[in-house]
Amino acid sequence: MPGIKRLPQSVINKIAAGEVIERPASVVKELMENSLDAGASRIDVAVEKGGVDLIRVADNGCGIPADELELAVASHATSKIETADDLFHVRTLGFRGEALASIAEVTHLRIRSRTADSDVGAELFVEGGIIRQIVPCGCPVGTVVEVRNLFFNTPVRRKFLRSTTTELAHISETVARIALAHPQVHITLTHNDRPVLQLPGTDNLLERIAALYGRELAEGLIPVSSEDGPVRLFGYVAHPRFARRHAKMQFLFLNGRPIRDRNLQHALNEAYRGLLTVDRQPIAFLTLTMPPELVDVNVHPTKQEVRFLDGGRLYGQLLGTIRKEFLTTDLTTRLPAGAESDQQSANAPHDPQQELAIRRQIVDWAKGELDRQRAAIQAAGVSPSSHPISEAPSPRGASPANAHPTVRGEPQTESPLEPPQTTAPPLGRPSPQGRLPIDQSPPIRALQVHNRYLVTESEDGVVVIDQHALHERILYEQLRQNIAQGPLPSQQLLIPEPVDLTPVEATLALENRELLAELGLTVEPFGGSTVLVHSYPALLRTIAPGELLRAVIAALGESPRDVDRTMLLEKVLHSMACKAAVKAGEQLNPDEINALLEQSRQVLHSHHCPHGRPAMLVFTREELDRYFHRT
Ligand code: ADP
Ligand code: MG
């Protein structure tokens, strides 16, 4: 082993960069945090090609004096703390003095800045950590940081970057998180000169949530707030019907800093226990404020994780606050006095009537769920249901004549635990009177058990079928066969359906219009982040266009960079099939069961779902005989 040597500064910076800068979104985060620390009331973020080619963050903050510009990009140089003791009272987002140095090391960096007491600004240009020039320049008060060619000198990192779409999605998420933590700041994001987010400053968190995720969600939010000594919790949690498959919509802010905390996330899930199925994640926007002394923010290079002095107590506060809102029976008569006194929610356009109704709904639903399950057991699988598997066109693409003219307003059976929809046939609340008279129902060729498995007889034994896995496989094979022959047959909607997306989803949808068209989904911009769906795949008409569109966009966003077309399609088809297939927990009527069995004969690989999980298990007669000691 060679002797020990001190590393050159540029290597030290590259190591630091490795920790702080993972992808374009990390740069965006650091630069926006600097703008916030500089007291900016407006931040404009512009990126090109997912941030790989360019990231520009412009703010109207205090600016950097010309004679400090060079220091700003030096490592461990900061204006935010002076002594080690300051580490325990951090009131700014940054304090490590490493971000700009790290960014400068692995990019082409240009900073233009002017302070209010100076007539001219100064411009600094750094290339791979080497300062090229500092010159005076004319510019408004504030700072513009331009970062080009990310990772140009660290090819390994560059190779790990994902597709433009994916990187843009990360950037938008980052901007959204910061925007939620600082609603009063005017924030914009553009991608390739196209506006993605436009968020005027507001005192009202709910306004900002609406601007980012749509009015519908914002209006379904339930305010929560509490105080425990100097610790204040304030925010909103969503009605369980908004729950998602992922936890990305769980926001936690500590003193203006977006953080992640497993412990508190667990508390949130606990609060929703019994209100959601296992595959659902609650939505929450929660802000914590506490004196900086009660928390150590210096435990993580990007400061996304922090350490609380009394994590256990905080867990209790969060769980208790939300649970109280959800589960006390008298919450139907009590308005959120605490929340109303809060300045932020006092400005909110709350309709107490509506709020009351939402609360009542949750309680009723939680109570009704029990009855529903009991009734379902009694009805034992012979009640009618609305899932038109039996009407699904054949793999050859039957005439769409009998298809729904529009899917608008069709009940979304996304989660079997969702509150029963009044428009739906009594799928969720079977009652003895609701049964089909036995002599009218076709002979059932399989028995549905636990609303998720079908048990049927085969020539040589007994087959147990996972209804979701099998239907998913059938749809997937049908989609694949069809797309091999050209664009998927699509079904024109009589009335185009406006679908509210998040701004990011809308951008992704519009940037991938051609691919969507091949999948039978035609979309058009419709102002803001709403897109208009004109047609959708005829094979998948059991699912609402909006839901399908979101699933496809999610699949696109997760795909790696430069993935080949066939693989991309595969992935998208998988997610379409999964989304449209009957779910575990859905009760099927005899027609539907028979149609499913019938179709399983017509497709390849019906024994496994497209993800490779088994869809069918066979117990041969010999095996059964053996188990029962008949041989
Ligand atoms: P830190 O934020 O941890 O102090 P950075 O490397 O991010 O370290 O920034 C170094 C210094 O540059 C900051 O302490 C601040 O004084 C100055 N600075 C960076 N960005 C801005 C900005 N947008 N406006 C004003 N000052 C800035
Ligand atoms: Mg910083």
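Residues numbered from 1 in each chain as written. Chains lettered and ligands numbered in written order. Predicted model: local features only at pLDDT ≥ 70, side-chain atom pairs only at ≥ 80, totals over all residues. Heavy atoms only, no water.

Novice: Please clarify how the site of ligand 1 should be interpreted in this entry.
Specialist: Among the 19 residues in the neighbourhood of ligand 1, the closest are listed as N34, T78, S79, K80 and G97. At 2.9 Å, a backbone N or O of L100 approaches an oxygen atom of ligand 1. Among the secondary structure elements, those contributing two or more residues to the shell around ligand 1 are α2 (24-37) and α4 (99-106). Split into classes, the residues belonging to the shell around ligand 1 amount to seven nonpolar, eight polar and four charged. (Near = heavy atom within 4 Å. Polar contact = N/O pair within 3.5 Å; in protein donor to acceptor, adjacent residues only side chain to side chain. Helix = DSSP H or I, 4+ residues; strand = E, 2+ residues; numbered from the N terminus. Nonpolar A, V, L, I, M, F, W, Y, C, P; charged D, E, K, R; others polar.)

Novice: It is not clear to me how unusual backbone geometry should be interpreted in this structure. Could you clarify?
Specialist: In most cases, non-glycine residues show a negative phi, while peptide bonds are predominantly trans. Residues other than glycine seldom take positive phi values, yet K49 does so here, at roughly 50 degrees. Note that K49 resides in the loop between β1 (42-48) and β2 (54-59). Take K49: its relative accessible area is 44%, and that puts it in the partly exposed class. The residue N255 is not glycine, and still its phi comes out positive at about 45 degrees. Tracing the sequence through the fold places N255 in the loop between β11 (250-254) and β12 (257-258). On the basis of relative accessibility, which here comes to 32%, the residue N255 falls in the partly exposed class. (Buried < 20%, exposed > 50% of the residue type's maximum accessible area, 1.4 Å probe, protein only.)

Novice: Teacher, can you tell me more about the nonpolar core here?
Specialist: Within soluble globular proteins, side chains that are nonpolar tend to cluster in buried spots. In this structure, I209, Y213, L217, F285, L519 and M576 are the most contacted members of the largest nonpolar core, which totals 104 residues. Sort the elements by how many residues they give to this core and helix α6 (residues 164-181) lands first, with nine residues. Counting 32 residues, the second largest nonpolar core, distinct from the first, contains V237, L276, L319 and F326. (Core = buried A, V, L, I, M, F, W, Y, C linked by side-chain atoms within 4.5 Å.)

Novice: Looking at this structure, how should I read the pattern of salt bridges?
Specialist: For side chains bearing opposite charge, pairing can occur when the charged atoms are close. Inspection of every chain in the model, using the stated rule, returns 22 salt bridges. Between E146 and R56 there is a salt bridge; the shortest N-O distance is 3.1 Å. Taken together, the residues E146 in strand β6 (residues 142-148) and R56 in strand β2 connect sequence positions 90 residues apart. With relative accessibility at 9%, the residue E146 sits in the buried group. In this structure, the salt-bridge partner of E207 is R215, at a minimum N-O distance of 3.5 Å. Three or more residues joined by partner-sharing salt bridges are found here, namely R56, R110, R112, E123, E146 and R148. (Salt bridge = Lys/Arg side-chain N within 4 Å of Asp/Glu carboxyl O.)

Novice: Which parts of the structure should I look at to understand the sheet that holds strand β21 (residues 530-537)?
Specialist: Strands belonging to one sheet form pairs held by backbone hydrogen bonds; the direction of such a pair is parallel or antiparallel. The strand order across the open sheet built from three strands is β19-β21-β20, with neighbouring strands paired in antiparallel fashion. Because the sheet does not close on itself, it has two edges, and the strands there are β19 (490-500) and β20 (522-525). Direction aside, the axes of adjacent strands within the sheet are offset by 20 degrees on average. Looking at chain direction, β19 and β21 are connected through seven bridges and run antiparallel. Among the inter-strand pairings, Q491 is bridged to a residue of β21, identified as Y536. (Pairing = 2+ DSSP bridges. Axes fitted to C-alpha atoms, helices over the stretch in contact; angles between N-to-C directions.)

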